[in-house]
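Take a look at the letters that make up each chain.
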Amino acid sequence: QVRLVESGGGLVQAGGSLRLSCAVSGSFFVIAAMGWYRQAPGKQRELVAARPSGGTTNYANSVKGRFTISRDNAKNTVYLQMNSLKPEDTAVYYCNAAVYHQGVVATTEYWGQGTQVTVSS
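Residues numbered from 1 in each chain as written. Predicted model: local features only at pLDDT ≥ 70, side-chain atom pairs only at ≥ 80, totals over all residues. Heavy atoms only, no water.

**Some remarks on the overall build of the chain**
And step 1. A tally of helices and strands in the chain yields 0 helices and 11 strands.
And step 2. Seen in sequence order, the chain has helices and strands lined up from the N terminus as β-β-β-β-β-β-β-β-β-β-β.
And step 3. On the principal axes, the C-alpha backbone points of the chain span a range of 50 × 25 × 25 Å.
And step 4. Every one of the 121 residues in the chain was classed for burial, and the buried ones make up 39%.
And step 5. At a minimum sequence separation of 6, the contacts of the chain that also span at least 24 residues come to 56%.
And step 6. For the chain, the accessible area works out to roughly 6,500 Å², and carbon and sulfur atoms hold 48% of it.
And step 7. Treating the 11 positive side-chain charges of the chain as one cloud and the 6 negative ones as another, the clouds have centres 3 Å apart. (Helix = DSSP H or I, 4+ residues; strand = E, 2+ residues; numbered from the N terminus. Buried < 20%, exposed > 50% of the residue type's maximum accessible area, 1.4 Å probe, protein only. Contact = heavy atoms within 4.5 Å. Areas by Shrake-Rupley, 256 points an atom, 1.4 Å probe, with all protein chains shown as cover. Lys, Arg positive; Asp, Glu negative; His and termini not counted. Charge placed at Lys NZ, Arg CZ, Asp CG, Glu CD.)

Here you go:
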């Protein structure tokens, strides 16, 4: 069983900052990648930022230069620093982790429960 616990969402004014955290716990061999997605009302879930192990970090064009994803591998935790927030950043933000289980070739994806980020104008 793998569990992702997110924290750090909330209400902020436009131009403000928030920092999201997501801790991964449970039974797995290694984490292959971690990332953040978001889903606004009436829209599909979209990638915000992804940080694969040993790979290139990816950002959605809409957040480049404003958001920064980072990982603490010792704590199995991923962070999303969000600066210069805009009302259009309002969404439920979900943490995602792709992990390898012992003896399994492919990765398995897990999701957090989501945390609400609301940016007021």
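Right, picking up where we left off after that structure.
**A word on the pattern of salt bridges**
And step 1. In this structure the tally under the stated criterion is 3 salt bridges.
And step 2. Of the charged contacts in the structure, one is a salt bridge between Asp89 and Arg38, with a shortest N-O distance of 3.0 Å. Taken together, the residues Asp89 in the loop between strand 8 (77-82) and strand 9 (91-100) and Arg38 in strand 4 (residues 30-39) connect sequence positions 51 residues apart.
And step 3. Judged by relative accessible area, Arg38 falls into the buried class, the value being 6%. (Salt bridge = Lys/Arg side-chain N within 4 Å of Asp/Glu carboxyl O.)

**Quick look at the sheet that holds strand 3 (residues 18-26)**
And step 1. With respect to topology, 4 strands assemble into an open sheet ordered 1-3-8-7, the strand pairing being antiparallel. The open sheet has two edge strands, strand 1 (2-7) and strand 7 (67-72), and neither has a second partner. Neighbour to neighbour, the strand axes of the sheet diverge by 15° on average, direction disregarded.
And step 2. Sheet topology places strand 1 next to strand 3; 6 bridges connect them, and they run antiparallel. Across the sheet, the residue bridging to Glu6 is Cys22, located in strand 3. (Pairing = 2+ DSSP bridges. Axes fitted to C-alpha atoms, helices over the stretch in contact; angles between N-to-C directions.)

**Focus on the nonpolar core**
A general tendency of soluble globular proteins is for nonpolar side chains to be buried together.
And step 1. Counting residues in each nonpolar core, the largest one holds 28 residues, and the members touching the most others are Trp36, Val48, Phe67, Leu80, Met82 and Tyr93.
And step 2. If you list the elements that add at least two residues to this core, you get strand 1, strand 3, strand 4, strand 5 (46-52), strand 7, strand 8, strand 9 and strand 11 (115-120).
And step 3. Among the elements that make up this core, the one with the highest residue count is strand 9 (5 residues).
And step 4. If we skip the residues at most four places from it in the chain, Met82 touches Gly16, Ser17, Leu18, Leu20, Arg66, Phe67, Tyr93 and Val117. (Core = buried A, V, L, I, M, F, W, Y, C linked by side-chain atoms within 4.5 Å.)

**Thoughts on the packing of aromatic side chains**
And step 1. This model, assessed by the stated rule, comprises 1 aromatic pair.
And step 2. Judged by centre distance (5.0 Å) and plane angle (65°), the rings of Tyr37 and Trp111 are edge-to-face. With Tyr37 in strand 4 and Trp111 in strand 10 (residues 108-111), the pair connects residues that are 74 residues apart, well separated along the chain.
And step 3. The lysine or arginine in question, Arg19, covers the ring of Tyr79, its NZ or CZ lying 4.1 Å from the ring centre.
And step 4. For the cation-ring pair, Arg45 lies above Trp111, with the distance from its terminal atom to the ring centre recorded as 4.7 Å. (Phe/Tyr/Trp six-rings, centres within 6.5 Å; stacked < 30°, edge-to-face > 60°. Lys NZ or Arg CZ within 6 Å of the ring centre and 35° of its normal.)

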